[in-house]
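Survey of secondary and tertiary structure
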Amino acid sequence: MEAGGQSRSAAMQQSMEEVVASVQRALALLHQLHSSVSNFSLSSQLLLLERLNGVLKELTVLQSTSQNLNVPIPLEVVRFIDEGRNPDEFTKDLLNHCTLRNQFTKGKVDSFKNLRRHMLEELEDTFPEETEAYRAIRTQAAAENRRAMQAPGMLSNGDVKVKTEH
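We now turn to the structure provided with this report. Only a predicted model underlies this, so the values are computations on that prediction, with no experimental measurement involved. (Residues numbered from 1 in each chain as written. Predicted model: local features only at pLDDT ≥ 70, side-chain atom pairs only at ≥ 80, totals over all residues. Heavy atoms only, no water.)

**A few points about the overall build of the protein**
Definition in use: Strands are runs of DSSP state E lasting at least 2 residues, helices are runs of H or I lasting at least 4, and numbering of each runs from the N terminus. Relative accessibility under 20% of the residue-type maximum defines a buried residue, over 50% an exposed one, and the middle range a partly exposed one, all with a 1.4 Å probe and only protein chains included. The contact criterion used is simple: two residues touch if any of their non-hydrogen atoms lie within 4.5 Å. Accessible surface is estimated by sampling points in the Shrake-Rupley manner with a 1.4 Å probe; for residues, cover comes only from the protein chains shown.
Within the protein, the regular secondary structure consists of five helices and zero strands. Along the protein, from the amino end to the carboxyl end, the secondary structure elements read α-α-α-α-α. Each of the 166 residues in the protein was classed as buried or not, and the buried ones make up 11%. A sequence separation of at least 24 residues applies to 40% of the contacts in the protein between residues at least 6 apart. Carbon and sulfur atoms make up 58% of the accessible area of the protein, which totals about 14000 Å².

**Considering the pattern of salt bridges**
As a reminder of what qualifies: Definition used for salt bridges: Asp or Glu carboxyl oxygen within 4 Å of a side-chain nitrogen of Lys or Arg.
Counted under the stated rule, the structure contains five salt bridges. Across the pair lysine 106 and aspartate 110 runs a salt bridge, and its minimum N-O distance is 3.1 Å. Of this pair, lysine 106 and aspartate 110 both sit in helix α4 (residues 87-126), separated by four residues, roughly a single helical turn.

**Thoughts on the packing of aromatic side chains**
As a reminder, the rule being used: Ring pairs are drawn from Phe, Tyr and Trp, using the six-membered ring of Trp, whenever the two centres fall within 6.5 Å, and their geometry is named by plane angle: stacked under 30 degrees, edge-to-face over 60, tilted for the rest.
Across all of its chains, the model carries one aromatic pair by this definition. Note on phenylalanine 80 and phenylalanine 90: the rings are 5.5 Å apart at their centroids and 65° apart in plane angle, and the pair reads as edge-to-face. Note that phenylalanine 80 is positioned in helix α3 (residues 75-82) and phenylalanine 90 in helix α4, a separation of 10 residues in sequence. Pair check on accessibility: phenylalanine 80 and phenylalanine 90 agree, each one buried.

**Quick word on the packing of α3 against α4**
To keep it simple, the criterion reads: Every axis corresponds to a line fitted to the C-alpha atoms, with the helix fit spanning only the stretch in contact, and the corresponding angles, defined between N-to-C directions, vary from 0 to 180 degrees. When an angle is under 35 degrees it counts as roughly parallel; over 145 it counts as roughly antiparallel; between 65 and 115 it counts as roughly perpendicular; any other value is oblique. Two helices cross in a left-handed way if the nearer one is turned anticlockwise from the farther one by less than a right angle. They cross in a right-handed way if the turn is clockwise.
Across the interface, α3 lies against α4 with an axial gap of 9 Å and an inter-helix angle of 130°. Relative to α4, the element α3 lies oblique. At the point where α3 passes α4, the crossing takes the right-handed sense. Contacts between α3 and α4 pair Glu76, Val77, Phe80 and Ile81 from the former with Pro87, Glu89, Phe90 and Asp93 from the latter.

**Description of the side chain of serine 36**
Of note, serine 36 is situated in helix α1 (residues 2-38). Look at serine 36 and you get buried, because its relative accessible area is 7%. In this structure serine 36 touches Leu47, Leu48 and Arg51, once residues within four positions along its chain are discounted.

Written out as structure tokens, the structure is:
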């Protein structure tokens with residue numbers, strides 16, 4: 001099963017490389033066509049038609065090579081491009097937004113840690129025996145979790161790694 005997935009992945013990678021190469025060729029041909037249109041004269045009409053045909057052929061190649069390639073593009077990126085903006089800016093904005101959300105969430109986690117620490121301190125003052133029993137139970141549970149995590153085939157999220165058949 002895994003070998004089939006790797007060959008599919010390799011085929012997808014090759015298709016992607018072919019599409020990228022075709023896009024680059026199409027861009028080069030479009031640049032040449034732009035140059036021909038900008039400097040158009042009656043004597044350069046044949047060259048213009050040849051370049052136009054070259055662009056059309058390359059777009060046909062691009063369409064055929066991209067048929068087997070299914071790459072989802074978020075609608076937000078398409079809108080960003082339609083607005084004439086650079087898609088790299090979209091990625092930068094998205095990463096900045098994620099960083100801000102991460103900092104906000106980290107602040108919440110730190111607040112809950114402080115609340116837990118403060119509550120344990122208050123509980124220890126009010127109910128010292130029960131707090132000691134709670135800490136003993138927590139220590140025992142943490143030790144059991146560490147032992148379970150060190151077991152072979154155990155992943156960091158607690159899942160068990162299953163060996164796949166080849």
